[in-house]
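# Fold and contact review
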Amino acid sequence: NKNGYTARISGDKFIILLPEHGPQRVAAMAKQVNRVISEQELKVGKNIQRSVGTVTASIGASSIADNDTEQSFLERVESFLKEAKSKGKNTSISR
């Protein structure tokens, strides 16, 4: 798919690869993902559903630089994710 790929990389960590997008677009999309996720109401129950609140996500986002290796890219994104988690719920960090 030319628009992007999504995959689970471990536990509660997912990666969205957007090969056709630069840093500004990646940052904007990370913020949009935060917004869309936080607007969803989490409901439980089979027959009678009840709301139990909302879900949030911490996001580390980056575009791939020309000199990146797979390892350097993933390490950078992981550091952004850790920073986002430390800043609180529903946060995205990108540079």
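No experiment lies behind these values; they were computed from the predicted model shown.

## Considerations on the overall build of the chain
- In terms of helices and strands, the chain carries two helices and six strands.
- Helices and strands appear in the chain in the N-to-C order β-β-α-β-β-β-α-β.
- For the chain, the spread of C-alpha atoms along the three principal axes comes to 55 × 30 × 25 Å.
- Here the chain holds 95 residues, and 23% of them are scored as buried.
- By sequence separation, contacts in the chain at least 24 residues apart represent 36% of the contacts at least 6 residues apart.
- Accessible area of the chain: about 7,100 Å², with a carbon and sulfur share of 51%.
- Side chains of the chain give 15 positive and 10 negative charges; the mean places of these two sets differ by 9 Å.

## Looking at the pattern of salt bridges
- For the coordinates displayed, the defined rule picks out four salt bridges.
- A salt bridge links E78 to K13, with the nearest nitrogen and oxygen atoms 2.8 Å apart. Remark: K13 occurs in strand β2 (residues 13-17) and E78 occurs in helix α2 (residues 70-87); sequence separation between them is 65 residues.
- As a salt-bridge pair, E39 and R35 come within 3.4 Å of each other at their nearest N and O atoms.
- With a relative accessible area of 42%, R35 lands in the partly exposed category.

## Quick notes on the pairing of β2
- Bridge count between strand β1 (residues 5-10) and β2: five bridges; the pairing is antiparallel. Pairing of T6 across the sheet is with I16, part of β2.

## Overview of helix α1 (residues 23-38)
- With 16 residues, α1 extends 23 Å between its outermost C-alpha atoms, agreeing within 8% with the 22 Å of an ideal straight helix rising 1.5 Å per residue.
- For α1, the complete set of buried residues consists of V26, A27, A30 and N34. Seen end-on, α1 carries its buried residues on one side only, within an arc spanning 100°.
- Residues of α1 that are buried sit in contact with β5 (59-61) and β6 (92-94).

Reading guide: rules and limits
- Residues numbered from 1 in each chain as written.
- Predicted model: local features only at pLDDT ≥ 70, side-chain atom pairs only at ≥ 80, totals over all residues.
- Heavy atoms only, no water.
- Helix = DSSP H or I, 4+ residues; strand = E, 2+ residues; numbered from the N terminus.
- Buried < 20%, exposed > 50% of the residue type's maximum accessible area, 1.4 Å probe, protein only.
- Contact = heavy atoms within 4.5 Å.
- Areas by Shrake-Rupley, 256 points an atom, 1.4 Å probe, with all protein chains shown as cover.
- Lys, Arg positive; Asp, Glu negative; His and termini not counted.
- Charge placed at Lys NZ, Arg CZ, Asp CG, Glu CD.
- Salt bridge = Lys/Arg side-chain N within 4 Å of Asp/Glu carboxyl O.
- Pairing = 2+ DSSP bridges.
- Expected span 1.5 Å × (residues − 1).
- Arc of directions from axis to C-beta.

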